[in-house]
Amino acid sequence: MNWITRPETAADLDRIREVNLAAFPTSHEADLVEALRADREAWIPGLSWVAQEPDGAIAGFALLTRCHVDGAPALTLGPCAVSPEHQRRGAGSAAIRAALDAAREQGEGLVLVLGHAEYYPRFGFTPASGHGIRPPFDVEDKYMMALVLDPARPVPAGTIRYPAAFGV
């Protein structure tokens, strides 16, 4: 399917919550999205993307918010969600690619993700440890990944500081 991707609008907020509630077993991710949206330090306009069907139905969602690596600005990817009836059809990948492209266009240099080691490398993510970046918690190395958006910029090394809504 050729998904239509675009930044979220105010009219999308209820549907984005519904997609997150359907995609995950608890409301944690849906609540996290709302908490990040309310955090003026974490939220970056234009970096919350949806993938929709031609009829306008939202199927997928990807969010990038501000984090830091030892004081240097970076982005964190997530939550990302796809409604169950659209999973494994490319909606999530379309939303993620669109969000990453928007981050590049906005001049961002680095994105971090804690996620499936088999999924995120398709977007160019590699283990963050290869850049000297580590999370503030214990996790197997292959799950904490980084994507350098601008190879001309120095990549900060150090410990990730997530937005407060993540609770870490």
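Please refer to the structure higher up on the page.
Residue numbers run consecutively from 1 along every chain, following the written order of its sequence. Where local features are concerned, this predicted model is filtered to residues with pLDDT of at least 70; where side-chain atom pairs are given and counted, the filter is 80 or more; whole-chain, interface and lining totals use all residues. Only hydrogens and water are set aside when side-chain values are computed; all heavy atoms of the structure are taken into account.

Colleague: I'd love a proper account of unusual backbone geometry, names of residues and values included.
Modeller: Omega for the bond connecting G78 with P79 falls within 30 degrees of zero, at 0°, which places this linkage in the cis form. A helix here means a DSSP run of H or I that spans at least four residues, while a strand means a run of E at least two residues long, and both kinds are numbered starting from the N terminus. Structurally, P79 can be placed in strand 4 (residues 72–82). Despite not being glycine, D70 shows a phi value in the positive range, around 45°. Relative to the elements of secondary structure, D70 occurs in the loop between strand 3 (58–69) and strand 4.

Colleague: Could you give an account of the nonpolar core, with specific residues and numbers?
Modeller: Take the buried residues of types Ala, Val, Leu, Ile, Met, Phe, Trp, Tyr and Cys, join any two whose side-chain atoms come within 4.5 Å, and each joined set is a nonpolar core. Three labels apply to residues, based on accessible area from a 1.4 Å probe with only protein chains included: buried if under 20% of the type maximum, exposed if over 50%, partly exposed otherwise in between. Within the largest apolar cluster, 29 residues are counted, with the highest numbers of intra-cluster contacts made by L64, L77, I96, L100, V111, Y120 and F125. When residues of this core are traced back to their parent elements, those giving at least two are strand 2 (48–52), strand 3, strand 4, helix 3 (91–105), strand 5 (110–114) and strand 8 (144–148). Tallying contributions element by element places helix 3 first for this core, with nine residues. The contact criterion used throughout is that any non-hydrogen atoms of two residues lie within 4.5 Å. When sequence neighbours within four positions are dropped, the list of residues in contact with L77 reads A62, L63, L64, I96, V111, L112, V113, Y120 and F125. Grouped together as the second largest cluster of nonpolar side chains are 12 residues, L32, V33, A42 and I58 included.

Colleague: So what's going on with the pairing of strand 3? Which residues, and what values?
Modeller: Among the 12 residues that make up strand 3, 12 are buried, leaving the element largely enclosed by the rest of the structure. A pair of strands is treated as paired once DSSP finds two or more bridges between them. The pairing of strand 2 with strand 3 spans five bridges and is antiparallel. For A51, the partnering residue across the bridge sits in strand 3 and is G60. Connecting strand 2 to the antiparallel partner strand 3 that follows it, the hairpin turn spans five residues, and G56 within it adopts a positive phi of roughly 100°. For strand 3 and strand 4, the ladder comprises nine bridges, and the chain directions are antiparallel. Note that in strand 4 the partner of H68 across the bridge is P73. Between the end of strand 3 and the start of strand 4, which pair antiparallel, lie two residues, with D70 showing a positive phi angle near 45°.

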